[in-house]
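Chain residues, written in single-letter form:
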Amino acid sequence: MTEYKIALVGFGGVNRGFAQLVADRNAEWKEALGFTIKIVGVTDLFLGSIVAKDGLDAKQLVALPVEKGAFAQLPGGNAEAFNETVIKHSGADIIAEATFTNPVDGEPATTFCRWALENGIHVVTTNKGPIALHGAELKALARRNQIAFEYEGAVMSGTPVIRLAKQALAGANVQGFEGILNGTSNYVLTQMKDGLTFNDAVLQAQQLGYAEADPTADVEGFDVRLKVVILANELLNARLNVSDVACSGISSISAQDIAQASANGASWKLIGSAVREADGSVRASVEARLLSNSHPLAGISGATNAVSFNTELLGAVTVSGPGAGRIETAFALLSDIVAIHTAHGK
Ligand SMILES: NC(=O)C1=CN([C@@H]2O[C@H](COP(=O)(O)OP(=O)(O)OC[C@H]3O[C@@H](n4cnc5c(N)ncnc54)[C@H](O)[C@@H]3O)[C@@H](O)[C@H]2O)C=CC1
Ligand SMILES: N[C@@H](CC=O)C(=O)O
């Protein structure tokens, strides 16, 4: 039986959700997936850090209060976040990286991924920054060191669109995609339709664990822009940079705009899209669009996301599922570990 030793980098909603899954489901995984997981280290800028090579009690981790330096309350814990020590020296086989997404330069998460990959440690991450901004370099580093760099949760949370499109649609010839790729903004638009103010809807999305640390990234389209870059580069072999993607968000859409759209049988949606042009180049954008209610994406509500892949052989293939959420995104980390087990497991 394989036991994976995992260190968690960032211990906010997603990695705490992952610890919850470990606490609740390790025995089930042994039977169903052929491995178990031992958490050997955790580090978080706000909470501090802890290393225990014999394993930490996942239930105790989940119950840790959200207080500055809280890891110092546990035996062997520290109020300081010793990120480098936890990543390089906790004895982990896999690092689960879930710190803030930095949409500008992807740091410091990219450095965390590099530290792990350079030291022969697999990386699973839900962080969009390292992949959108430094994906090619990190993937090459992982390949050189014959280890895995997996990031299914970076687009549409636990809904497995990256692997589905890359593996199950291989050969169908994806020519483009359009989708609702941000849970928070779709939640906000849905709640505003039901009468909530923009600010209250954003606050709710934060409380539910959907929003980025700075929700401007959600409502101004910057988060979707990273996801569009990731999908376009993965599926269309594009080499897009963030600056190649025209981007606007939903903050200028008023309650009146939404009510008027409803009265006309339409809905506002934040759409990320990319298309391969006749000359082979890829054009991508993020913008709020007014969709007729007969459009397949118009009925997608709340934090649910959906993406429609335009394929040469099958026409449109549309996938819908959770686009945000703590446990939903933690599931994506599990699916990445399953992929590692399939490719590298003993
Ligand atoms: N929450 C969601 O629904 C989804 C989140 N993601 C991504 O997953 C990542 C984690 O998301 P959440 O857990 O919701 O965020 P969060 O804001 O709840 O937690 C992030 C944690 O990282 C810690 N952190 C920040 N900078 C750090 C550093 N330099 N060193 C160590 N720790 C640091 C923070 O103290 C915080 O506890 C983000 O990159 C987010 O964009 C991706 C898909 C869905
Ligand atoms: N803040 C993001 C989280 C997932 O990437 C969203 O709301 O979609």
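Remember, it's a predicted structure, so these values are computed and weren't measured experimentally. (Residues numbered from 1 in each chain as written. Chains lettered and ligands numbered in written order. Predicted model: local features only at pLDDT ≥ 70, side-chain atom pairs only at ≥ 80, totals over all residues. Heavy atoms only, no water.)

1. A short note on the pattern of salt bridges
The condition that has to hold: One speaks of a salt bridge when a side-chain nitrogen belonging to Lys or Arg is within 4 Å of a carboxyl oxygen belonging to Asp or Glu. Numbered from the N terminus, helices here are DSSP runs of H or I no shorter than four residues, and strands are runs of E no shorter than two. Partly exposed describes any residue whose relative accessible area lies between the buried limit of under 20% and the exposed limit of over 50%, with all areas from a 1.4 Å probe on protein chains only and scaled to the type maximum.
Scanning the entire structure with this criterion turns up 16 salt bridges. Among the salt bridges present, the one from R163 reaches E150, with a minimum N-O distance of 3.0 Å. Of this pair, R163 sits in helix α6 (residues 161-168) while E150 sits in strand β6 (residues 149-150); the two residues are 13 residues apart in sequence, bridging distant segments of the chain. Between E234 and K166 there is a salt bridge whose closest N-O contact spans 2.7 Å. Residue E234 is found in helix α10 (residues 222-235), and its partner K166 is found in helix α6; the two are separated by 68 residues along the sequence. Residue classification places E234 among the buried positions, given a relative accessible area of 10%.

2. Points about the side chain of T126
Defined as follows: Whether two residues are in contact is decided by their heavy atoms: any pair within 4.5 Å suffices.
On the secondary structure map, T126 appears in the loop between β5 (122-125) and α5 (128-144). On the accessibility criterion, T126 (11% relative accessible area) is buried. When residues no more than four places from it in sequence are discounted, the contact partners of T126 are V14, E97, A98, G153, A154, T329 and L333.

3. Points about the site of ligand 2
Note the threshold: Each residue is tested against the molecule or strand, and it is near if at least one of its non-hydrogen atoms lies within 4 Å. In protein, a polar contact requires one atom able to donate a hydrogen and another able to accept it; more generally it is a pair of N or O atoms within 3.5 Å, and residues adjacent in sequence count only if both atoms are side-chain atoms. For this classification, Asp, Glu, Lys and Arg are treated as charged, while Ala, Val, Leu, Ile, Met, Phe, Trp, Tyr, Cys and Pro are nonpolar and the rest, including Gly, are polar.
In the vicinity of ligand 2, the contacting residues are K128, N182, G183, T184, Y210, A211, E212, D218, D223, K227, G323 and A324. One nitrogen or oxygen atom from the side chain of K128 is found 2.8 Å from an oxygen atom belonging to ligand 2. A distance of 2.7 Å separates an oxygen atom of ligand 2 from a polar backbone atom of G183. Where the shell around ligand 2 is concerned, the elements lending two or more residues are α7 (183-193) and α10. Looking at side-chain class alone, the shell around ligand 2 contains 3 nonpolar, 4 polar and 5 charged residues.

4. Things to note about the UniProt feature "domain: Homoserine dehydrogenase catalytic" (unreviewed entry) in the protein chain
The criterion, for reference: UniProt positions are given in the numbering used here, feature names are shortened, and annotations may be inferred rather than shown by experiment.
In the UniProt entry, the feature "domain: Homoserine dehydrogenase catalytic" (unreviewed entry) is given for residues 160-338. Each end of residues 160-338 is marked by a C-alpha atom, and these two atoms are 12 Å apart; helix forms 39% of the span and strand 26%.

5. A short note on the packing of aromatic side chains
The condition is simple: Only the six-membered ring of Trp is used, alongside the rings of Phe and Tyr, when aromatic pairs are assigned; centres must lie within 6.5 Å, and planes under 30 degrees apart are stacked while those over 60 apart are edge-to-face, with the rest tilted.
The full count for this structure, using the stated rule, is 5 aromatic pairs. Note on F112 and W115: the rings are 5.7 Å apart at their centroids and 40 degrees apart in plane angle, and the pair reads as tilted. Taken as a pair, F112 and W115 lie in helix α4 (residues 109-118) at a separation of 3 residues, close to a single helical turn. Here Y187 and Y210 contribute two aromatic rings whose centre-to-centre distance is 5.6 Å and whose plane-to-plane angle is 65 degrees, an arrangement assigned as edge-to-face. Of this pair, Y187 sits in helix α7 while Y210 is found in the loop between α8 (198-207) and α9 (216-219), placing the two residues 23 residues apart along the sequence.

6. Side note on the pairing of β5
Counted only if it meets this: Here, any two strands with at least 2 DSSP bridges between them count as paired. With its strands directed away from the observer, a crossover is right-handed exactly when the path from the first strand over the helix to the second travels clockwise.
Burial along β5 is two-sided: H122 and V124 facing one way and V123 and T125 facing the other are all buried. Pairing between strand β4 (residues 94-97) and β5: 4 bridges, direction parallel. By the bridge assignment, I95 is partnered in β5 with V123. As for the winding sense of the linkage, the β-α-β connection from β4 through α4 to β5 is right-handed. Viewed along the sheet, the connection from β5 through α5 into β6 turns out right-handed.

7. Here's the deal with the confidence of the model for the protein chain
Condition: Confidence of the predictor in every single residue is expressed as pLDDT, which spans 0 to 100.
Predicted confidence across the protein chain gives a mean pLDDT of 97, with 100% of residues reaching 70 or more. Under the prediction, the complex receives an ipTM of 0.99, its pTM being 0.97.

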